[in-house]
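Secondary and tertiary structure notes
Below, each chain spelled out in residue letters.
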Amino acid sequence: MTDTSTATAASVPLAPRALPLLGHALPLLRDPLAFIMSLSDYREMVRVRLGPSTAMMICDPDLTRQVFLNDRVFDKGGPIYDRIREVIGDGLSTCPYPLHRRQRRLCQPSFHPTRLAGYGAVFARAAEVKAGSWRDGDVLDITQEMMTLTTRATMETMFSGSLPAETMRRALADTSTIVTAFFRRMMTPALLRRVPTPRKRRYDQARNRLSATIAEIIAERRADPTDHADLLSTLVAAVDEESQDGQKQLSDTELADEALTFFLGGMETTAITLAWALHLLATNPDVQRRLRAETHQVLAGGKVDPAHLPSLDLAARVVTETLRLYPPAWMMTRAVRQDTELGGVRLKGGSTIVLSPYLLHRRADLYPEPDRFDPDRWLGGQPDRAAYIPFGAGARKCIGDQFALTEAILALTAIVARWELTPVGDQPFEPKVETSLSSRGLRLRISERRTSGTGDAGLHAATPRSAPAQPSTPAHPSTPPGAGGCPVKHEE
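Rules and cut-offs
- Residues numbered from 1 in each chain as written.
- Predicted model: local features only at pLDDT ≥ 70, side-chain atom pairs only at ≥ 80, totals over all residues.
- Heavy atoms only, no water.
- Helix = DSSP H or I, 4+ residues; strand = E, 2+ residues; numbered from the N terminus.
- Contact = heavy atoms within 4.5 Å.
- Pairing = 2+ DSSP bridges.
- Buried < 20%, exposed > 50% of the residue type's maximum accessible area, 1.4 Å probe, protein only.
- Salt bridge = Lys/Arg side-chain N within 4 Å of Asp/Glu carboxyl O.

This part covers the overall build of the protein. A count of helices and strands for the protein gives 17 helices and 13 strands. In the protein, of all internal contacts separated by at least 6 residues, the share reaching a separation of at least 24 is 78%.

Before going further, it helps to examine the sheet that holds strand 7 (residues 340-342). Where strands meet in a sheet, backbone hydrogen bonds hold them as pairs that are either parallel or antiparallel. On the basis of which strands lie adjacent, the open sheet formed by three strands has the order 1-8-7 and mixed pairing. Only two strands of the sheet have a single neighbouring strand rather than two, namely strand 1 (7-8) and strand 7. Summarising the sheet, strand 1 and strand 8 (residues 345-347) pair through two bridges and their orientation is parallel. By the bridge assignment for strand 8, Thr8 is matched with Arg346.

Turning our attention to the side chain of Thr64. Of note, Thr64 is situated in helix 3 (residues 61-69). You can call Thr64 buried: its relative accessible area is 1%. Those residues in contact with Thr64, other than ones at most four positions away along the chain, are Ile58, Leu355, Leu360 and Ile389.

To continue, consider the pattern of salt bridges. In total, this model carries 27 salt bridges according to the counting rule given. The shortest N-O distance in the salt bridge between Glu242 and Arg105 comes to 3.8 Å. Within this pair, whereas Glu242 is found in the loop between helix 11 (231-237) and helix 12 (252-282), its partner Arg105 is found in helix 5 (residues 97-107), the two being separated by 137 residues in sequence. Accessibility expressed as a relative area gives 30% for Arg105, which makes it partly exposed. Residues Arg363 and Asp365 are paired through a salt bridge, measuring 2.6 Å at the closest nitrogen-oxygen approach. Through salt bridges that share partners, Arg43, Arg363 and Asp365 make up one connected network.

The following block contains the structure:
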């Protein structure tokens, strides 16, 4: 029997400024963050138009969590994932519900906690090498520097070594081209996406080259059954004993999709998170001084190591707060696979749901002074799993959340232990809104850290202020903040 108290989707308010044919595409392209935040007053849900199609924007944390937890009904789909599938196929972060559980079981051994120590050692070594390559007074393109760092670390953890310099340079350039194009392609009607513009040709070339690079590496590994003690070896060897169709291992196509998923995610989103964290430290010198004091105490003049993670409390909170302010997956979409009800509203199968961690993370009723960088808001306990979702939630939570957190905390510590960071110029730096909240073009000046006894002693004595009544995150990534997420756009 139908509940007559349930409203129809058409009764949900339509966001203002929709244009014929284009819908809300123009405000989304011109200033997407401002448009998204203008919807926060709706509290529960509001309709938005993406071209000729209408989608339901969810603005409430509890309703958002319901969507995440019911992935059978609210499946991966919509314009964001359609564009990502162009590059990584049906990898773990994009595959539909019927494929996900098997792929998750096959990928899980690659991210077992026992393997994190080995990955962490790679991250720490790569961070120390990168931090040691700079010179006092350098002005750095910090996002590019972090991309180089995470690419090297990702290549070593995945493929037991780094790429040749030219291959790495090309992979970096191709990844940048692909990621930059995602958001514009997502907002562009299908007919226009097929027009052979120079932008589209560059995108297609970058996508094909990156796929070819990964395919070549996989072919070499298939021909060499030696266990290289890396992520790819684990994927090649993984067996799913619960498989119902006899496909107990990943096919070559599936292996390529998963490798591309982990490569792009391990490289791009972690690099952006690190760049934002360093920017926030540069513009908040008091927090930077306290973090430097922590590195002095914990490292005691040595190099960062995975064994230090439980003691890097402030570094972990800086990463957590960075992910609140600049969640890489600032917007996500879901496809409604069957008629259902959400928040008292009937939704038809085939509908599109839009979710925004950025919107939830900056709601003043959930986070006091939401635009302020405040790592101490995370002192004291676990975050609210509905209100803090940089990694998504539910069965599609990121298999690589520990991987990403470990890399970010160790890299941040290695850099701050050696360098002081300051902004270049006095103009605020705004994110470049793509599929991620990109930090492309962010420049920071570095100065060699002075380690005179008096200065470090003063920093050592710094203590955090008392925390507000606020959900909090653990001090180290043995229990990650939030519900977990994916290497690509921090969500699976």
